[in-house]
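Notes for the structure review
Listed here are the chains, written in short residue letters.
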2 protein chains.
Amino acid sequence: MEMQNKVGINHGGRLRRSDLAVRVLALVLTLAAAVVLGVNRQTTTVSVTIVPSLPPVNLPVTAKWLHMSAFVYLVITNAIACFYTAVSLILTLATKGGIKKVSMIVTVLDLVVMALLFSAIGASGAVGLIGYQGNSHVQWQKVCNVFDKFCHQVTGALVLSFIAAVAYLLLVVLAIFNVYKKL
Amino acid sequence: MEMQNKVGINHGGRLRRSDLAVRVLALVLTLAAAVVLGVNRQTTTVSVTIVPSLPPVNLPVTAKWLHMSAFVYLVITNAIACFYTAVSLILTLATKGGIKKVSMIVTVLDLVVMALLFSAIGASGAVGLIGYQGNSHVQWQKVCNVFDKFCHQVTGALVLSFIAAVAYLLLVVLAIFNVYKKL
């Protein structure tokens, strides 16, 4: 039992290195996703008919992530995930994964961050889909024909976030495999 | 080592009973959420002006979950989660939580179902929010002033799904606590 405790969670081998690699990947991806969506901005002109008897007026309109709650949620969630991943990396490296309680808490927090990311991806994905296709039942017109570059960048941020969320899922699965192996 | 394997994951005590209780709760909640949203339907009349010189015409319009991809996703996800939970309950009861591999696979699947549910909740939540508030930047009008009963029922399904998703999160956390305790 004493020996088991000393061996702890630290494999010092394949599993711990894969945990670190996946964690660094998640850090980079969440940072990239937050930046890609955070700097996303497109200004374009649309013709608007104000008075029917006069010719339409060209007005500049701007799309940015702050205009849609779902995108704000995705940027904030990615930022939180990125910050947490940096802290968890430092913790994992400092304790060398050898302290049981720290490993357990990190796994539970990985789980919570994963849940946050998946809900934010769902939110932005649903809004993005309506942006691309529109929805005739509620008469929400598609807007991605106008804001094409903006929509592409949202898709990019979504892909990055999704890979990051899968990385967190993998981190939890690795931790579960790791501890079950020792039972 | 042999003794440890025999003791396995089965505490036979507090933790295993709490796992069963949470699993039954998740089963009931996902079933309820799928039904509440699946039977959701509201028909109302709206005045539409077809020809400006004639008085507006009252047209019946119906809102149902099939009209919005996000709601379809939420119903399907809850149905999958409900079916999976029934299978996992049978597996857990049949093996009495004593077979290491089964417990591990159930925990990983709990995790995947949790991810699915959180993304579906995010999707329907984002669409529901626009339904309640509208979004002036993309000129998507709110529709919950017209389909009030429909929107209330979506909110109900969302609350049920959210508690179910938290229940799955709890199941994974319980499993993690349970195995770390034995290291």
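Everything numeric in this text was worked out from a predicted model, so none of it was measured.

Calculation criteria
Residues numbered from 1 in each chain as written. Chains lettered and ligands numbered in written order. Predicted model: local features only at pLDDT ≥ 70, side-chain atom pairs only at ≥ 80, totals over all residues. Heavy atoms only, no water. UniProt positions renumbered as here; feature names shortened; annotations may be inferred. Helix = DSSP H or I, 4+ residues; strand = E, 2+ residues; numbered from the N terminus. Phe/Tyr/Trp six-rings, centres within 6.5 Å; stacked < 30°, edge-to-face > 60°. Buried < 20%, exposed > 50% of the residue type's maximum accessible area, 1.4 Å probe, protein only. Disulfide = S-S within 2.5 Å. Contact = heavy atoms within 4.5 Å. Buried area = accessible area lost by both parts, 1.4 Å probe. Salt bridge = Lys/Arg side-chain N within 4 Å of Asp/Glu carboxyl O. Polar contact = N/O pair within 3.5 Å; in protein donor to acceptor, adjacent residues only side chain to side chain.

All names here are of chain A. What UniProt calls "transmembrane region" (unreviewed entry) maps, in this numbering, to residues 20-39, 70-93, 105-132 and 157-180. A distance of 34 Å separates the end C-alpha atoms of residues 70-93, which is 100% helix and 0% strand. Split by type, residues 105-132 is 100% helix and 0% strand. Its first and last C-alpha atoms lie 40 Å apart.

So, about the packing of aromatic side chains. Residue and element names in this part refer to chain A. Inspection of the entire model under this criterion finds five aromatic pairs over all chains. Ring plane angle 55° and centroid distance 6.1 Å describe the contact between F71 and F150, whose orientation is recorded as tilted. Taken together, the residues span a long stretch of sequence, with F71 in helix α3 (residues 69-95) and F150 in helix α5 (residues 148-182) at a distance of 79 residues. According to the relative accessible area criterion, F150 is buried, its value standing at 6%. A centroid spacing of 6.2 Å and a plane angle of 85° characterise the contact between F118 and F162, whose relative ring orientation is edge-to-face. Here F162 lies in helix α5 and F118 lies in helix α4 (residues 100-133), a separation of 44 residues in the sequence. The class for F118 is buried, based on a relative accessible area of 7%. F162 gets classed as partly exposed once you look at its relative accessible area, which sits at 43%.

Before going further, it helps to spend a moment on the state of the cysteines. All names here are of chain A. Applying the stated criterion across every chain yields a total of two disulfides over all chains. There is a disulfide in this structure between C144 and C151, and the S-S distance comes to 2.0 Å. Looking along the S-S bond of the C144-C151 disulfide, the torsion reads about -80°, which is the left-handed sense. Each of the two residues, C144 as well as C151, counts as buried.

Let us look at the interface of chain B and chain A. Contacts between the two partners involve 41 residues from chain B, matched on the other side by 41 residues from chain A. For the pair chain B and chain A, the summed buried surface comes to about 4100 Å²; carbon and sulfur atoms form 78% of the total. Together, W140, Y180 and L183 of chain B form the three largest contributors to the area buried by chain B at its contact with chain A, with a combined 22%. Joining chain B to chain A, the criterion identifies zero salt bridges. Across the contact surface, chain B and chain A share six residue pairs in polar contact (both at pLDDT 80 or more).

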